[in-house]
Amino acid sequence: MSPYFLRAATGPAQFPRGTLPEVAVAGRSNVGKSSLINTLLGCRDLAKTSRTPGRTQAIVFFSVDDRWLLVDLPGYGYAKVPEAVRRQWRPLVEAYLAGRETLRLLLLLIDIRRDVGEEERDLVSWLSHRGIPWLPVLTKADKLSRSRALTRRRELMGQLPGGGAGEPVLFSARTGEGKKKLGDTIPIFLQNKAQ
């Protein structure tokens, strides 16, 4: 796999020309998006990780083998960033989601230890209304015992409207759990035509 940073966009005019299929990654600030991207793509620091939530303030596009794009959407939730910046994120993300005919799947990351919030429910409803497939990915699964993680998976899916495009994936960047499952699932969606 040969992934590389393609560009960061703070507005639709900066989005790359939509010719390759795309998979987007969304979730709260500090949910582990950068860690998932690095693990999935087999790179240590392609996506920059930070102990400070809300560092990603643009939509970041990564090219994978020049065949598809992995897209890192700005985190939402409790990020300690200026309110004016947070207000800009939603229109930016919605412009991306609504306008990308090449978008095949959205990975919705949820920290397995936290309950589903209003932001996740709103996003899922928005995606479902527009026919955009989404897959729940429960991050930081290594923080819980296996039995507790399976219980939390059931609980969290009961908190989301609809079930997504497949069975929720338990994921851990530390142990690599879920990497193979995502690696097997993503190509299926990449082959599908846009909704």
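Here the structure is shown first, and the text comes after it.
All values reported here derive from a predicted model rather than from experimental measurement.

So, helix 4 (residues 146-158)
For helix 4, spanning 13 residues, the distance from its first C-alpha to its last is 19 Å, which sits close to the expected 18 Å at 1.5 Å a residue. Among the residues making up helix 4, those that are buried are Ala149, Arg152, Leu156 and Met157. Taken end-on, helix 4 shows its buried residues confined to a sector of 125°, consistent with a single buried face. Exposed and facing more than 90 degrees away from the buried side of helix 4 are Ser147, Arg154 and Gly158.

Looking at the pattern of salt bridges
This model, assessed by the stated rule, comprises 13 salt bridges. Here Arg113 ties to Asp111 by a salt bridge, and the two come within 2.9 Å at their closest N and O atoms. On the basis of relative accessible area, Arg113 is assigned to the partly exposed category, the value being 33%. Here Asp184 and Lys180 are joined by a salt bridge, their closest N and O atoms 2.7 Å apart. Of this pair, Asp184 and Lys180 both sit in helix 5 (residues 179-190), four residues apart, which is roughly one turn of that helix.

Topic: the pairing of strand 5 (residues 103-111)
Among the nine residues of strand 5, nine are classified as buried, and the element is accordingly described as predominantly covered. Where strand 2 (residues 22-27) and strand 5 come together, six bridges link them in parallel fashion. What sits directly across from Ala24, in strand 5, is Leu106. Sheet analysis places strand 5 next to strand 6 (residues 134-139), joined by six bridges and oriented parallel. From the neighbouring strand, Leu106 faces strand 6, where its bridge partner is Trp134.

Considerations on the nonpolar core
Counting 33 residues, the largest nonpolar core has Leu73, Tyr96, Leu97 and Leu106 as the members making the most contacts within it. Of all elements in the fold, only strand 2, strand 3 (59-64), strand 4 (68-72), helix 2 (83-99), strand 5, helix 3 (118-130), strand 6 and helix 4 reach the threshold of two or more residues within this core. If you look at the next biggest cluster of nonpolar residues, it comprises 25 residues, including Val60, Val64, Leu70 and Val169.

A few points about the environment of Glu119
Following the sequence through the fold, Glu119 ends up in helix 3. Glu119 sits 92 residues away from Gly27 along the chain, and the two C-alpha atoms are 8.9 Å apart.

Cut-offs and rules
Residues numbered from 1 in each chain as written. Predicted model: local features only at pLDDT ≥ 70, side-chain atom pairs only at ≥ 80, totals over all residues. Heavy atoms only, no water. Helix = DSSP H or I, 4+ residues; strand = E, 2+ residues; numbered from the N terminus. Expected span 1.5 Å × (residues − 1). Buried < 20%, exposed > 50% of the residue type's maximum accessible area, 1.4 Å probe, protein only. Arc of directions from axis to C-beta. Salt bridge = Lys/Arg side-chain N within 4 Å of Asp/Glu carboxyl O. Pairing = 2+ DSSP bridges. Core = buried A, V, L, I, M, F, W, Y, C linked by side-chain atoms within 4.5 Å.

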